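What follows is the residue order along each chain.
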Amino acid sequence: MSSPVRSSSISRRRLLAVGSLAAALALTAGGCTSARNGGASAEAVKGGTITYAVALDALPSGIFGTLERNYPWINNVFQPVLQIDPDTREPKPVLATSWNIASDGLSIELTLHEGVTFHTGRAMSAEDVKYTFEQAADPQNASNLGFVARSFTSITVKSPTELTVTMSEPQPSLLEFLDQTLIIDKETAAGLKDGTQVVGTGPFTFGNWKQGASYELVKYPGYWNVDEVNLDRIEYVVTTDATAEISAVRSGRAQMASGLTPTDAQAFASGQHRLLPAGGTIYNLGLNVSTAPLDDVRVRQAVAYAIDGERINKQVLAGVGEVSNVFWSAKAPGVDETLTRRYTYDPERAKQLVAEAGAAGAEVPITYGANPIVRAMYSIVANNLTEIGLKPVSKAVDQPAFSAGQSRGDLGAAYLSLHGQVGLSPVTLINSLPPLRAKNANGFWPQKYQDLRAELLAAPADQAGPATAALSRYLLDELPSVPIVQAPAQIVVSSTITGVESTIRGPILLEQAAITK
């Protein structure tokens, strides 16, 4: 067995400073302790309430789906057994005090904190962790990392705080699965479906949910780390009108906000607010390799040369994104500019390829969902393709229809998609990203691709660079997808609030958040 990973104390997550304090905000929210201004010597205080404006309502039933709409609250109510540090990528204990992965990678032993209780007062046990992993394995619960849980061959509970998980094969995505799988209470799990019982182990309880309007988190007095919790309450206001959300932040009625477009968020990049980067989104143009004219790789290459990623980043994402031709981080081992910038905007080269393929004038239907950023991207992509002699055809659908088509692997000839999975490793993304996993909507699953995926999955973590590079080169040669840009989510935070954190994928952590004076 390998040496166990242990922690002698409860993890102290990194603090992301939200800037120096600024001039007073005139708060008008009634019935709450408002965030107040402070000077240069302002200090965090215990207690108080903050208001958090969000563009989309909570959806507790989507707890396994890592939905972006849940990012503002969910990791403050539910917790994983461990958490990967966004800066160092080192796993830190949360509900587990230690874990021990066998040297053959076929099992892991987990030891849990004693004294952790759910919000009902019932003690959390290894049986709850087992139940959670079993639920994550169920495809109906739509966990992006459910493929990891489906490799578990047994989960043995040794005591209320100890369990052993065995696997059919080593899982290089195991720690990311443990980071993103939030432990649920098996006795109240059924209540998650309609939100009547939203019971976790986190520092705050969920309640007073008025669907489509508001919900709130309240400090849980029985929390196992309660001394570190500052805020008494967080009130969430659902504001689908972007103008109203901006107004709420500017007036001081809200001290935090999520869901603003990058352009709107940039207005809060200085002065009385700061922007907290939290996870991010990969924007992609999928190409079905079995549908004319995209069944000709020259046409797919023409599309890649035609797309003006820099313009999309500047006009749609306010320049906060990073143009890249690969799905993973530019900092991932094995990745360099020959991969991330393999196809740069070159309409003349694109026209030449279209002519060589005899595809001039060919229609290219492009399916896309209701997301306003994607819709704005479509306009530029359509102009780019028209410029090189193709005929893009708009196929706008509502978001449920797009998601259903993505699940079926049926989105037509081409599609614009977005995936909030920035931060995950290549070895995880090849199974968690819809355009890369089996039964993708690109009709792409050749044997060589499967072999290169297998080589990456089998590579030791410290030797994954060459396998990542080889897979990247193959994808760039074949182009079943054209990744366009990766952009961080941006959370607006008042300069009167400190201690706000985010996880590697983007959920917000408020355990140590505090109002300053």
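These numbers were taken from a predicted model, which means no experiment stands behind them.

*Asks:* What am I meant to see in the overall build of the protein chain here?
*Replies:* If you tally the helices and strands in the protein chain, you get 15 helices and 23 strands. Taking 2.2 N^0.38 as the reference for a compact globule, 517 residues should give roughly 24 Å; the C-alpha atoms of the protein chain span a radius of gyration of 24 Å, in line with that estimate. Along the longest, intermediate and shortest principal axes, the C-alpha atoms of the protein chain span 70 × 55 × 40 Å. Put simply, the protein chain has 517 residues, and 57% of those count as buried. Relative to all contacts within the protein chain whose residues are 6 or more apart in sequence, the contacts with residues 24 or more apart total 71%.

*Asks:* Mind showing me how you'd approach the pattern of salt bridges here?
*Replies:* Pairs may arise between side chains of opposite charge once their charged atoms sit close together. Counted by the stated rule, this structure contains eleven salt bridges. As a salt-bridge pair, Arg122 and Asp185 come within 2.5 Å of each other at their nearest N and O atoms. Of this pair, Arg122 sits in the loop between strand E7 (107–112) and helix H2 (126–137) while Asp185 sits in the loop between helix H4 (174–180) and strand E10 (204–210), and the two are 63 residues apart along the sequence. A cluster of three or more residues bridged by salt bridges with shared partners is formed by Arg122, Asp128, Asp185 and Glu187.

*Asks:* Mind showing me how you'd approach helix H7 (residues 297–306) here?
*Replies:* Three or four residues apart is the spacing at which side chains of an α-helix point the same way, because the helix has 3.6 residues per turn. Most of H7 is tucked away: eight of the ten residues are buried. Within the sequence span of H7, burial applies to Val299, Arg300, Gln301, Ala302, Val303, Ala304, Tyr305 and Ala306. Here the buried face of H7 lies against strand E14 (273–287), helix H10 (347–356), helix H11 (372–387), helix H15 (464–478) and strand E19 (481–494). Of the residues that open H7, the one with a side-chain oxygen 2.8 Å from the backbone nitrogen of Arg298 is Asp296.

*Asks:* How should unusual backbone geometry be read in this particular structure?
*Replies:* Each neighbour pair has its own omega, and for Ala292 with Pro293 the value is 0°, a cis peptide bond. In the Ramachandran plot, Arg89 falls in the positive-phi region, its phi being about 60° despite a non-glycine side chain. Mapped onto the elements of the fold, Arg89 is located in the loop between strand E4 (82–84) and strand E5 (91–93).

*Asks:* Can you help me understand the sheet that holds strand E20 (residues 497–498) in this one?
*Replies:* Here we have three strands laid out as an open sheet, ordered E2-E23-E20, and antiparallel in their pairing. The sheet is open, and its two borders are formed by strand E2 (44–45) and E20, each paired with just one other strand. Pairing of E2 with strand E23 (residues 514–516) involves two bridges; the strand directions are antiparallel. Across the sheet, Val45 pairs through a bridge with Ile515, a residue of E23.

*Asks:* Any chance you could explain the packing of aromatic side chains here in plain terms?
*Replies:* Geometry of an aromatic ring pair is reported as the spacing of the ring centres plus the angle between the planes. Per the stated rule, a full pass over the model turns up 17 aromatic pairs. Plain terms: the ring middles of Tyr52 and Tyr236 are 5.1 Å apart, the flat faces sit at 25° to each other, and that makes the pair stacked. Of the two residues, Tyr52 is situated in strand E3 (residues 49–54) and Tyr236 in strand E12 (residues 233–238); the sequence distance between them amounts to 184 residues. Residue Tyr52 is classed as buried on the basis of its relative accessible area of 0%. Judged by centre distance (5.6 Å) and plane angle (85°), the rings of Phe152 and Phe177 are edge-to-face.

*Asks:* Mind showing me how you'd approach the side chain of Gln180 here?
*Replies:* Along the polypeptide, Gln180 turns up in helix H4. In this structure the side chain of Gln180 is engaged in a polar contact, spanning 2.5 Å, whose partner is the side chain of Arg505. Excluding its chain neighbours within four sequence positions, the residues that come into contact with Gln180 are Thr66, Leu145, Leu424 and Arg505.

*Asks:* I'm lost on the packing of helix H8 (residues 309–316) against H11 in this one. Help?
*Replies:* The description of two packed helices rests on the angle between their axes and on the distance between the axes. The geometry of H8 relative to H11 is characterised by a closest axis approach of 10 Å and an angle of 145° between their N-to-C directions. For the pair H8 and H11, the crossing hand works out as right-handed. Residues Arg311, Ile312, Gln315 and Val316 of H8 form the contact with H11, whose participating residues are Ile373, Ala376, Met377, Ile380, Val381, Asn383 and Asn384. In the contact of H8 with H11, the residues fall into seven nonpolar, three polar and one charged.

*Asks:* Explanation requested: helix H14 (residues 447–458) in the structure shown.
*Replies:* Here H14 contains twelve residues, and its C-alpha end-to-end distance of 16 Å stays within 8% of the 16 Å for a straight helix at 1.5 Å per residue. The set of residues buried in H14 consists of Tyr449, Leu452, Arg453 and Leu456. Looking down the long axis of H14, one finds its buried residues gathered within 100° of arc, a one-sided arrangement. If you follow the buried residues of H14, they end up packed against helix H13 (426–432) and H15.

*Asks:* Mind showing me how you'd approach the side chain of Asn431 here?
*Replies:* Structurally, the position occupied by Asn431 is in helix H13. Reaching out from Asn431, the side chain makes a polar contact with the side chain of Arg453 at a distance of 2.7 Å. Contacts of Asn431, omitting those with residues within four sequence positions, involve Asn144, Phe147, Arg437, Arg453 and Leu457.

*Asks:* Is there a simple way to explain the pairing of E10 in this structure?
*Replies:* Regular strands show a simple pattern: their side chains alternate between the two faces of the sheet. Across five bridges, E10 lies against strand E11 (residues 214–219) in antiparallel orientation. Note that in E11 the partner of Lys210 across the bridge is Ser214.

*Asks:* Please explain the nonpolar core as it appears in this structure.
*Replies:* Residues Trp73, Phe78, Phe133, Phe152, Leu285, Trp328 and Leu390 are the most contacted members of the largest nonpolar core, which totals 142 residues. Among the elements that take part in this core, H11 stands out by supplying eight residues, more than any other. Ignoring anything within four residues of it in the chain, the contact list for Phe133 reads Leu110, Ala149, Phe152, Ile155, Val165, Phe177, Leu178, Thr181 and Ile183. Of all hydrophobic cores here, the second largest spans eleven residues; its members include Ile246, Val249, Ala257 and Leu275.

*Asks:* Just to check I follow, could you spell out the confidence of the model for the protein chain for this structure?
*Replies:* Do not read the predicted coordinates in detail wherever pLDDT is low. On average, the protein chain scores 90 in pLDDT, and the residues at 70 or more come to 92%. Confidence drops under pLDDT 50 across residues 1–40; counting only partners more than four residues distant or on other chains, this segment forms 107 contacts.

What counts and what doesn't
Residues numbered from 1 in each chain as written. Predicted model: local features only at pLDDT ≥ 70, side-chain atom pairs only at ≥ 80, totals over all residues. Heavy atoms only, no water. Helix = DSSP H or I, 4+ residues; strand = E, 2+ residues; numbered from the N terminus. Rg over C-alpha atoms; globule rule 2.2 N^0.38 Å. Buried < 20%, exposed > 50% of the residue type's maximum accessible area, 1.4 Å probe, protein only. Contact = heavy atoms within 4.5 Å. Salt bridge = Lys/Arg side-chain N within 4 Å of Asp/Glu carboxyl O. Polar contact = N/O pair within 3.5 Å; in protein donor to acceptor, adjacent residues only side chain to side chain. Pairing = 2+ DSSP bridges. Phe/Tyr/Trp six-rings, centres within 6.5 Å; stacked < 30°, edge-to-face > 60°. Axes fitted to C-alpha atoms, helices over the stretch in contact; angles between N-to-C directions. Left-handed = near helix turned anticlockwise from the far one by under 90°. Nonpolar A, V, L, I, M, F, W, Y, C, P; charged D, E, K, R; others polar. Expected span 1.5 Å × (residues − 1). Arc of directions from axis to C-beta. Core = buried A, V, L, I, M, F, W, Y, C linked by side-chain atoms within 4.5 Å. pLDDT = per-residue confidence, 0-100.

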